[in-house]
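Close look at the chain arrangement
Residue strings, one per chain:
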Amino acid sequence: MGSHFIRGVLVLCLALAVGFVPAASPVDAQGKGTVKIATQSPLSGGQAALGEGIKLGTQLAVEKFKGNLEKAGWKVELVPFDDQAKPDVGVANAKNIIADKDILGVIGHLNSGVAIPSSEVYKEVNLTMISPANTNPTVTDRGYANVYRVCGRDDVQGVVGSEFAHGSLKSKTAYVIHDKTTYGQGVAEFFKADAEKKGIKVIGFEGTEEKSNFDPIITPIKAKNPDLIYFGGIYEQAAPFFKAAREKGIKAKFLGPDGLDSSDLTKIAGKTVVGMHYTSVAGPVSVYPQAKQFADEYKKKFGKNPEPFAAQAYDATAILLKAIEASAKGGKAPTRDSVTAAVRDVKHTGITGTVEFDAKGDPKKALYFVLQVASDNPEKWGDNKEVKRLTIAAPAAPKK
Amino acid sequence: MDFDLLVGIFPQVLLDGLILGFMYALIALGYTMVYGVLEFINFAHSEIFVVGAFVGAEILLSLQSAGWLERAPWILVLLAVLLAGAVISGLLAVTIERVAYRPLRTAPRLIPLISAIGVSFFLQDAVRLVESIWRNAFNLVYPPMDVLNERYELTSTIDVSMKSLVVIVAALLMLWGLHALVNRTKIGTAIRAVAEDQAAASLMGINVNRIISLTFLIGGAMGGAAGVLFGVQYGLINPYTGFIPGLKAFTAAVLGGIGNIPGAMVGGLVLGLLEAFAASYMSLLTGGAFGAEYKDIFAFSVLILILIFRPKGLLGEVVRERA
């Protein structure tokens, strides 16, 4: 059998190689070249649900809006990268991205702690990054010309949370947990600072990297019996925490930032999180009237409902493509410098509202939401009730 | 300082620490048994543990979707799941030994160690691949069983859940069973003989390879059952869940004296308790300056101190006569 088997494998390899040859060297007859758009988001690991949403939202937008560029003779391609929600992986990817001269813009990341070091790399070559999801203030406060975001900021989001805790939930005491990341600890500290100003007593402030065994953290919380627990972090950690806390008999209300905004929250924590509130910079697709068609197309193409930030990624991509078109006007070849400059002038009305950038790269006006988990069925995450909606301008850059 | 608070939570922390400690002890047995026989650290053991957890989750999830989870008596379901997790993990451990370790048995000590690390990475991503294809998700949630979530109030601040009791009882039974097996049966005598001197044991008519396979089977089965208990207790698993518990259990085995079965139990309990007390008390005692995030630093500092004064572990390493 041996030699026949080997010969068979060889023939198969040859056949495959022949089959792949045309695909491996695309010939673009009258084309001027290729324009590539990269995404960076976690595609594997515990946060892959949100990260994949960013990639798919971008993919949908590229397919929808690439027409003008293709007419002008450019081939438009999407290159997805998996940053694994880890800063070192994000930076390594960023180095690969800047080495590919065809890449004219990056849509990403999900995690501020990954976006900040990665954008240092993009800055070396003035490569545009438009973030659909990074809310940490530092992302834009560094004043880099190539860094933009289409969402709100944590210094506002934390305050929206504490205002809601004080005004609507009437909490007197709060216990704050965070995940020790740039994003989670950042928003937790903004929440804490403003909550204390409003007279809420913060009786605990605890960081943890634990993912499964929360018992030793919960025991002191139970003894202190706070009115509210604020979790600054991402759903993969918050969900098992909330579940364990309720099961251990904690009666406090739960609150958290947009990191909790994923259907996986109810998939993991089930009915223990029904009725809890979270703030977000990305409303569910149902609050945007224009987004209905997007949600339908997304569902049809990918067989699942869009996760939060998919719509933001879609809009960010549309903005990037507009900027590339603008800098390709008159048959010129768009460059990284011309695209970065052009983004600032784009005024785009997308499915999540109208975006216009200020000098730092923040949207001039951003929407903030307070949402309530409606059902323990992950399929119905999109039905979460909007309790409050605020339009707040980005704060001015801090004095240096 | 709120003295009542510190005293009030003490029994609850003790209980949390015991549960965690038993979990570590069960996993540590796999490390310590293999070390006792082969003087080799099986770094793939944390993945054997995770495979057990996944087997349990898959069975419970399919029972749930068939609607049998509520109807069948919970104790039978739990026993069946524990057994399935133990059998599959045990067989997996035997296979790993046959494929990845046995061909390297005469190689220098570091070579099978590297092979073990490779197997560990392979299994992590194999589990991820299989689950992604099978379920399109690899973060699995153990379906809640109402009986297990029932809570019994001991005092107004202390309560214990059914699942915690299950973990403790199951762990005690397994530890007792293993102890009896190793010390009171013929097979146990053979295992101890192989650990003492492989060449002499084979001269006495013991099939050394079979005994080594058996050691992996028992260690793997304990790990798999521990995986199921972990899932039942903490609810959420993914292919990388095993890494930290595995590392801690390995530490527990060293702390108790590696190669020493009662040592693994003692080491596991000590480490679990240290961790629970550090996590719950540190921020209370330091006024929030050092929080729960420093629990591992505290626990491991104590470990280093213990090992400075007792380098062979609390109960001593099983030292082998070398010719």
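Position numbers for residues start from 1 in each chain and track the written sequence from start to end. All chains are assigned letters beginning at A, and all ligands numbers beginning at 1, according to the order in which they are written. Per-residue local features of the predicted model are confined to residues with pLDDT of at least 70, and side-chain atom pairs are confined, for both listing and counting, to 80 or more; whole-chain, interface and lining totals are unaffected and use all residues.

**Notes on the overall build of chain B**
Helix and strand definitions follow DSSP, with helices as H or I runs of at least four residues and strands as E runs of at least two, each counted in order from the N terminus. Each helix and strand in chain B was counted, giving 13 helices and 4 strands. Relative to a compact globule of 323 residues, whose C-alpha radius of gyration would be 20 Å, chain B shows 20 Å and is just as compact. Seen through its principal axes, chain B has C-alpha atoms that stretch 65 × 55 × 35 Å. Once C-beta atoms are placed from the backbone, each residue is buried if 20 or more other C-beta atoms lie within 10 Å of its own, exposed if 12 or fewer, and partly exposed for counts between those two. When burial is assessed residue by residue, chain B has 48% of its 323 residues classed as buried. Only C-alpha atoms enter the radius of gyration; for comparison, a globular chain is expected to reach 2.2 Å times N to the power 0.38, where N is the number of residues.

**Concerning the interface of chain B and chain A**
Between chain B and chain A, the contact holds 30 residues from the first and 23 residues from the second. The element best represented in the side of chain B that touches chain A is helix H12 (residues 261–285) of chain B, accounting for 6 residues. Residues of the side of chain B that touches chain A, tallied by class, amount to 12 nonpolar, 13 polar and 5 charged. Contact between two residues is assigned when their C-beta atoms, built from the backbone, lie within 7 Å. Throughout this entry, Asp, Glu, Lys and Arg are counted as charged residues, while Ala, Val, Leu, Ile, Met, Phe, Trp, Tyr, Cys and Pro are counted as nonpolar. The remaining residues, Gly among them, count as polar.

**Some points on the sheet that holds strand S14 (residues 385–393) of chain A**
Hydrogen bonds along the backbone pair up the strands of a sheet, which may run parallel or antiparallel. All names here are of chain A. Strands pair, by our definition, only if DSSP identifies at least two bridges between them. Within the open sheet, the 7 strands sit side by side as S7-S6-S8-S9-S10-S13-S14. Their pairing is mixed. Looking at strand neighbours, the two that pair on one side only are strand S7 (201–207) and S14, the edges of this open sheet. Within the sheet, the average angular offset between the axes of one strand and its neighbour, ignoring direction, is 20°. Pairing geometry for strand S6 (residues 173–178) and S7, over 6 bridges, is parallel. Paired with Val176 across the two strands is Phe205, which belongs to S7. Axes here mean lines fitted to C-alpha atoms, for a helix over just the part in contact, with angles spanning 0 to 180 degrees between N-to-C directions.

**With respect to the environment of B:Ser213**
Residues and elements named next belong to chain B. Within the secondary structure, Ser213 sits in helix H10 (residues 208–234). Between the C-alpha atom of Ser213 and that of Glu153, which follows or precedes it by 60 residues, the distance is 45 Å. Sequence-distant contacts of Ser213, defined by excluding residues within four places in its chain, comprise Val94 and Glu97.

**A closer look at the domain arrangement of chain A**
Reports often express the size of an interface as the amount of accessible area lost when the parts come together. Residues and elements named next belong to chain A. For chain A, the assigned domains read domain 1 (33–152 + 286–363) and domain 2 (155–280 + 369–393). Domain start and end points were adopted from an automatic or database domain assignment. Taking only C-alpha atoms into account, the centre of domain 1 sits 28 Å from that of domain 2. The interface of domain 1 with domain 2 comprises 17 residues on the first partner and 19 residues on the second. Those elements giving two or more residues to the side of domain 1 that touches domain 2 turn out to be helix H2 (48–65) and helix H5 (112–124). The residue makeup of the side of domain 1 that touches domain 2, split by class, is 6 nonpolar, 10 polar and 1 charged.

**Considerations on the pairing of strand S4 (residues 128–131) of chain A**
Residues and elements named next belong to chain A. Here S4 shows two buried faces, one formed by Thr128 and Ile130 and the other by Met129 and Ser131. In terms of strand pairing, strand S3 (residues 103–108) meets S4 through 3 bridges, oriented parallel. Of the residues in S4, the one forming a bridge with Val106 is Met129. In terms of handedness, the path from S3 via H5 over to S4 forms a crossover that is right-handed. Inspection of the sheet shows S4 paired to strand S5 (residues 147–149) by 3 bridges, in the parallel sense. Its bridge partner lying in S5, Ile130 is registered against Tyr148. Crossovers are marked right-handed if the path from the first strand over the helix to the second runs clockwise, as seen with the strands pointing away from the viewer.

**Observations regarding the sheet that holds S5(A)**
Residue and element names in this part refer to chain A. Read across the open sheet, the 5 strands follow the order S2-S1-S3-S4-S5; overall the sheet is parallel. A strand with exactly one partner marks an edge of an open sheet, and here the two such strands are strand S2 (74–82) and S5. Shown here is a sheet whose adjacent strand axes are inclined to one another by a mean of 20°, direction ignored. Against the sheet, helix H13 (residues 310–327) makes contact with strand S1 (33–41), S3 and S4, and its axis sits at roughly 160° relative to S3, the strand it touches most.

**Structural notes on the environment of B:Met222**
Its location among the elements puts B:Met222 in helix H10. Separated by 195 residues in the primary sequence, B:Met222 and B:Ile27 place their C-alpha atoms 6.8 Å from one another.

**Quick notes on H12(B)**
Over its 25 residues, H12(B) extends 35 Å from the first C-alpha to the last, a length consistent with the 36 Å expected when each residue adds 1.5 Å. Fitting one axis to the seven residues ending at a residue and another to the seven starting there, the bend at that residue is the angle between the two axes. Taking the largest bend as the criterion, H12(B) deviates by roughly 30°, centred on B:Ala279. Here a helix's expected span is defined as the number of its residues, less one, multiplied by 1.5 Å.

**With respect to the confidence of the model for chain B**
Known as pLDDT, the predictor's per-residue confidence is scaled from 0 to 100. The predicted model of chain B has a mean per-residue pLDDT of 88, with 97% of residues at 70 or higher. With pTM at 0.82, the complex prediction returns an ipTM value of 0.81.

**Considerations on the pairing of strand S9 (residues 253–256) of chain A**
Residue and element names in this part refer to chain A. Pairing of strand S8 (residues 228–232) with S9, which is carried by 3 bridges, proceeds in the parallel orientation. Its bridge partner being in S9, Leu228 is matched across the sheet by Lys253. The handedness of the S8 to S9 crossover, carried by helix H10 (residues 235–247), is right-handed. Pairing of S9 with strand S10 (residues 277–280) involves 2 bridges; the strand directions are parallel. By the bridge assignment, Gly256 is partnered in S10 with Tyr278. With respect to chirality, the unit in which S9 leads through helix H11 (residues 264–269) into the neighbouring parallel S10 is right-handed.

**Thoughts on the confidence of the model for chain A**
When pLDDT is averaged along chain A, the result is 88; 92% of the residues meet or exceed 70. Low pLDDT, under 50, characterises residues 16–29 of chain A; the stretch is placed with 1 contact to residues that sit more than four places away or in other chains.

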